Amino acid sequence: MKIIKQQLSLIACAIGLALTMAGAHAADDKHARNLAAPCAACHGTNGHSVGGTPVLAGLDQALFVSQMKDFKSGARPATVMHQHAKGYTDEEFELLGAYFAAQKR
Amino acid sequence: MSLDRRSFLKLGAAGIAIGAFPGLAFAASEIIKKKGQRVVIVGAGFGGATAAKYLRTWSNNKIEVVLVERNAMFVSCPMSNTVLGGSRTIADLTHSYDNLKKKYGVKLVHGEVTAIDTEKQAVMLAQGKLSYDRLIISPGVDFMFDQIEGLSAAVAEESIPHAWKAGAQTTMLRKQLEDMPNGGVVAISIPKAPYRCPPGPYERACQIASYLKNNKPNSKVLILDANPDVTSKKGLFMAAWKELYPEMIEYRANAAVTKVDVAGKVAKTEFEDVKADVLNVIPPMKAGAVASMAGVASVDGRWCAVDFLTYESRVHKSVHVIGDAVSAALPKSGHMATSQAKVCAAAVIELMQGGTPDQNPTIANTCYSMVSDSEAMHVANVYRFNAEKQAMVAAEGGGVSAQRSEIEGTLAGYWLKNILNDVLV
């Protein structure tokens, strides 16, 4: 009986932890969505550009991150993007890259 | 409506307010019957229209959104200076709200707000009231005509346009340029910052000069700036004036216009009287009147202090303010209004659904200025929330174009296309 109780509490703990992680994950997803939102002015809603700028929706995450790093370092010349890239952290590039990669083209 | 004890007590407490404002709250009937959770948004410019669309989208259409707007159509203020230069018309910048209604289920109410009851949580219009759980106001700017003797809203509509809201006055200013003689003077008066669109007046000087250069080359553009210096993209504008419009644009700092002679088209500053053929006086600005109705224009009686995590007013709970009306070290631009609208929409959904707003809002602004019919330059910045200062602070690395270019002129056109698509389609 005691063992069953212990097992049950372990399961309860595991479920609790999973829920907390799911909650944290949802918050992360929303933060990524919020971070990406201002990009729409030039790159379209959720990266679906309607002209003049690259479509970010469905772009490979690693490619997005490497491009942003190159804008930030100056390795890739730009008219505007070097100034935006410098405003974000590498961690934020990963979040943004994952968000845009998840958008259907 | 049955009265329980609690609402009966509230009714008693509100008796004074009802006495002071007859017609408020109970007298009016609900314009659209409120069923579930509702957000009312007042003002369907860049800020309000964006908030409406994103509230619907991000709440999976769970929150009812009623959008109140006085105008039938959306007219973009960004790029409207090009109407003066001649590369666009107002029709090019005019768009319908149909998608917000049909695609997103936003309930659009056209009308004029007459009062806001923050106690009873209702917006009053001539046709009735709209109750809300949360209110977002995106009122843009109003003009302080009383700061300039001789000027009024009527004068602006009839003969001395500000043309600082795109529409009829923009078209009128263009017509005045077409009617003026070759060799005439166009005077542009710029108010002290903060005002809507910091680089806008300097861009306007370029657009007017572009028209004059091609049509009335002996004419002059005189900039009377109340500020001690060019407030935005200074080096780039000075270069454009000198190189694109030599001898045509004259700039005067610390030249606040205090009085106008309407019939004579004379602008008076502390130092001189300027006689013009076309007079474009852009008056000092404050948050749109709706902010005062809601009692949230607390900063100098002009602008609205907000919590930058939610854009909730520092004065009244459940009232959020976005766009030009906000008091902040953020540019009063269309892109900025949309960025603020999205932070606000996300936060309002969390607050209404028992969640926690994003604690680290990070937003961006890109603003192009067209200095001819083909060339542009920009200013771009990322802004991050600083918890210690409780403010939005510009991140390192932002800045302006290295030089104006035709590439940026093309990109500016695509910026408009993409942002309008994001706001309205």
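Residues numbered from 1 in each chain as written. Chains lettered and ligands numbered in written order. Predicted model: local features only at pLDDT ≥ 70, side-chain atom pairs only at ≥ 80, totals over all residues.

Engineer: Please explain the overall build of chain B as it appears in this structure.
Structural biologist: Within chain B one finds 12 helices and 25 strands. Computed over C-alpha atoms, the radius of gyration of chain B comes to 22 Å, within 12% of the 22 Å expected from 2.2 N^0.38 for 425 residues, which places it in the range of a compact globule. For chain B, with 425 residues in total, the buried portion stands at 51%. Counting only contacts in chain B whose residues sit at least 6 apart along the sequence, the fraction spanning at least 24 positions is 69%. (Helix = DSSP H or I, 4+ residues; strand = E, 2+ residues; numbered from the N terminus. Rg over C-alpha atoms; globule rule 2.2 N^0.38 Å. Buried ≥ 20, exposed ≤ 12 C-beta atoms within 10 Å, placed from the backbone. Contact = placed C-beta atoms within 7 Å.)

Engineer: How should the sheet that holds strand E12 (residues 220-225) of chain B be read in this particular structure?
Structural biologist: Backbone-to-backbone hydrogen bonds join strands into a sheet, with any given pair of strands oriented parallel or antiparallel. Residue and element names in this part refer to chain B. Sheet architecture is open: four strands sit in the order E13-E12-E11-E17, paired in parallel fashion. In this open sheet, the two strands that pair with only one neighbour each are strand E13 (249-252) and strand E17 (278-281). Going from strand to strand, the sheet's axes swing by 15 degrees on average, the running direction of each strand aside. With six bridges joining them, strand E11 (residues 185-190) and E12 adopt parallel strand pairing. Counterpart to Ile190 in the pairing with E12 is Asp225. (Pairing = 2+ DSSP bridges. Axes fitted to C-alpha atoms, helices over the stretch in contact; angles between N-to-C directions.)

Engineer: Could you clarify how one ought to interpret unusual backbone geometry in this entry?
Structural biologist: Leave glycine aside and you will find that most residues have negative phi; peptide bonds, for their part, are mostly trans. All names here are of chain B. With an omega of 0 degrees, the peptide bond between Ala193 and Pro194 qualifies as cis. Unlike most non-glycine residues, Asn61 shows phi in positive territory, near 65 degrees. Classification of Asn61 by C-beta neighbours within 10 Å gives exposed; the count is 12. The backbone of Ser318 sits at a positive phi, close to 70 degrees, despite the residue not being glycine. Here Ser318 is to be found in the loop between strand E20 (312-313) and strand E21 (319-321).

Engineer: Explain the confidence of the model for chain B to me, please; I cannot follow it from the model alone.
Structural biologist: Residue and element names in this part refer to chain B. Considering every residue of chain B, the mean pLDDT works out to 94; 94% of them sit at 70 or more. Ranking the elements of chain B by mean pLDDT puts helix H2 (residues 15-20) last with 40 and E21 first with 99. Low pLDDT, under 50, characterises residues 1-20; the predicted model gives this stretch nine contacts beyond four residues in sequence or across chains. (pLDDT = per-residue confidence, 0-100.)

Engineer: Can you help me understand helix H7 (residues 168-179) of chain B in this one?
Structural biologist: Residue and element names in this part refer to chain B. The end-to-end C-alpha distance of H7, which contains 12 residues, comes to 16 Å, matching closely the 16 Å that a straight helix rising 1.5 Å per residue would cover. Inspection of H7 places Thr170, Leu173, Arg174, Gln176 and Leu177 among the buried residues, and these make up the whole buried set. Along H7, the residues classed as buried sweep out an arc of 155 degrees about the axis, all on the same side. Summarising the geometry of H7, the exposed residues directed more than 90 degrees from the buried face are Lys175, Glu178 and Asp179. Along its buried surface, H7 packs onto helix H4 (81-85), E11, helix H8 (200-215) and E17. (Expected span 1.5 Å × (residues − 1). Arc of directions from axis to C-beta.)

Engineer: Is there a simple way to explain the packing of helix H3 (residues 61-73) of chain A against helix H5 (residues 90-101) of chain A in this structure?
Structural biologist: The description of two packed helices rests on the angle between their axes and on the distance between the axes. Residues and elements named next belong to chain A. Interhelical geometry of H3 versus H5 gives an angle of 140 degrees and a closest axis separation of 8 Å. Comparing their axes, H5 and H3 come out oblique. Taken as a pair, H3 and H5 cross one another with a handedness that is right-handed. Across the interface between the two elements, Gln61, Phe64, Val65, Met68 and Lys69 of H3 pack against Phe93, Glu94, Leu96, Gly97, Ala98, Phe100 and Ala101 of H5. Taken together, the residues that form the contact of H3 with H5 break down as eight nonpolar, two polar and two charged. (Parallel < 35°, antiparallel > 145°, perpendicular 65-115°, else oblique. Left-handed = near helix turned anticlockwise from the far one by under 90°. Nonpolar A, V, L, I, M, F, W, Y, C, P; charged D, E, K, R; others polar.)

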